[in-house]
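Examination of the molecular architecture
Given next are the chains, with one letter for each unit.
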Amino acid sequence: SQQGEEDPQALSIQEGENATMNCSYKTSINNLQWYRQNSGRGLVHLILIRSNEREKHSGRLRVTLDTSKKSSSLLITASRAADTASYFCATVGFGNEKLTFGTGTRLTIIP
Amino acid sequence: DVKVTQSSRYLVKRTGEKVFLECVQDMDHENMFWYRQDPGLGLRLIYFSYDVKMKEKGDIPEGYSVSREKKERFSLILESASTNQTSMYLCASRLPIYNEQFFGPGTRLTVL
């Protein structure tokens, strides 16, 4: 069953602008992870945020987590054409080995 | 540099054929996973393995089986391929338990 739901499903922005994607989930989690997938390829791990963390940064990426609202957001600042990809959030529950993925946000950066 | 490889990028098979998808990781990871990815449905877990010779059903195991005889290799088997198994198949591995997963490039399987 799907746990995470991303919003929006698709997003197009100009190069240089910031992109924000949101993820909502249903049950308690140990951590939440964001992955990127370039067209027709495997997924690449971007960032992991634990349930006791509220914000995390990695380069141009900023992730927030609000466990009271069961939601997370991924912000990509100063977007580049190479950021064009699909972005997925995935959750891990307590005592649970499995990642549960959402359906993804398709991000297009317009040069 | 960590690496997960899959035996084929593209595969075309006939209905009823037995299909083997191979995945190899070089990171000495205990856990390995098989997913399928379909438009609008995201990634769905088929099977996973905690360690050698161990396996657990995921969310959609019907029509599939797996084999893990060596730590680095995790095979997905379609016993009798059907057209509804046409999909992108992704393999992943990780250290236990709450860590990131490393994915292979995927195998796009078409069953005619």
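The preceding data block contains the structure.
Residues numbered from 1 in each chain as written. Chains lettered and ligands numbered in written order. Predicted model: local features only at pLDDT ≥ 70, side-chain atom pairs only at ≥ 80, totals over all residues. Heavy atoms only, no water.

Along chain A, the regular secondary structure elements total zero helices and eleven strands. Ordering the α and β elements of chain A from the N terminus gives β-β-β-β-β-β-β-β-β-β-β. Against the 2.2 N^0.38 benchmark of 13 Å for 111 residues, chain A shows a C-alpha radius of gyration of 13 Å, consistent with a compact globule. Across its three principal axes, chain A shows a C-alpha extent of roughly 45 × 25 × 20 Å. Looking at chain A as a whole, 47% of its 111 residues are labelled buried. Long-range pairs, those at least 24 residues apart, make up 55% of the contacts in chain A with a sequence separation of at least 6. The centroid of the 13 positive side-chain charges in chain A is displaced by 4 Å from the centroid of its 10 negative side-chain charges. (Helix = DSSP H or I, 4+ residues; strand = E, 2+ residues; numbered from the N terminus. Rg over C-alpha atoms; globule rule 2.2 N^0.38 Å. Buried < 20%, exposed > 50% of the residue type's maximum accessible area, 1.4 Å probe, protein only. Contact = heavy atoms within 4.5 Å. Lys, Arg positive; Asp, Glu negative; His and termini not counted. Charge placed at Lys NZ, Arg CZ, Asp CG, Glu CD.)

Turning our attention to the interface of chain B and chain A. Every contact between the two is made by 26 residues of chain B and, on the other side, 26 residues of chain A. Summed over both sides, the interface of chain B with chain A buries roughly 2,000 Å², with 50% coming from carbon and sulfur. Along the contact surface separating chain B from chain A lie one salt bridge. Salt-bridge contacts for Lys 98 of chain A lead to Asp 59 of chain B; the nearest nitrogen and oxygen are separated by 3.7 Å. The tally of links from chain B across to chain A stands at four residue pairs in polar contact (both at pLDDT 80 or more). With five residues, the top contributor of residues to the side of chain B that touches chain A is strand E5 (residues 42-49) of chain B. In the side of chain B that touches chain A, the residues fall into 13 nonpolar, seven polar and six charged. (Buried area = accessible area lost by both parts, 1.4 Å probe. Salt bridge = Lys/Arg side-chain N within 4 Å of Asp/Glu carboxyl O. Polar contact = N/O pair within 3.5 Å; in protein donor to acceptor, adjacent residues only side chain to side chain. Nonpolar A, V, L, I, M, F, W, Y, C, P; charged D, E, K, R; others polar.)

Residues and elements named next belong to chain A. Along the chain, the position of Leu 32 falls in strand E4 (residues 31-37). Separated by 37 residues in sequence, Leu 32 and Lys 69 have C-alpha atoms that sit 14 Å apart. Apart from residues no more than four positions distant in its own chain, Leu 32 is found in contact with Cys 23, Tyr 25, Ile 47, Leu 48, Ile 49, Leu 65, Ser 72, Cys 89, Ala 90 and Thr 91.

Our next topic: the packing of aromatic side chains. Within this structure, the stated rule accounts for nine aromatic pairs over all chains. Their ring planes at 90° and their centres at 5.6 Å tell us that Phe 101 of chain A and Tyr 35 of chain B sit as a pair that is edge-to-face. Residue Phe 101 of chain A is located in strand E10 (residues 99-101), and its partner Tyr 35 of chain B is located in strand E4 (residues 31-38); the two belong to separate chains. Overall, Phe 101 of chain A belongs to the buried group, its relative accessible area being 1%. Between the aromatic rings of Phe 33 of chain B and Phe 48 of chain B, the centroid separation amounts to 5.9 Å while the plane-to-plane angle is 15°, which identifies the pairing as stacked. Pair noted here: Phe 33 of chain B is in strand E4 and Phe 48 of chain B is in strand E5, with a separation of 15 residues, a long-range link. Classification of Phe 33 of chain B by relative accessible area gives buried; the value is 0%. The exposure class of Phe 48 of chain B is buried, given its relative accessible area of 5%. Three or more aromatic residues joined by ring pairs make a cluster, and in this case those are Tyr 35 and Phe 101 of chain A together with Phe 33, Tyr 35, Phe 48, Tyr 50 and Phe 103 of chain B. (Phe/Tyr/Trp six-rings, centres within 6.5 Å; stacked < 30°, edge-to-face > 60°.)

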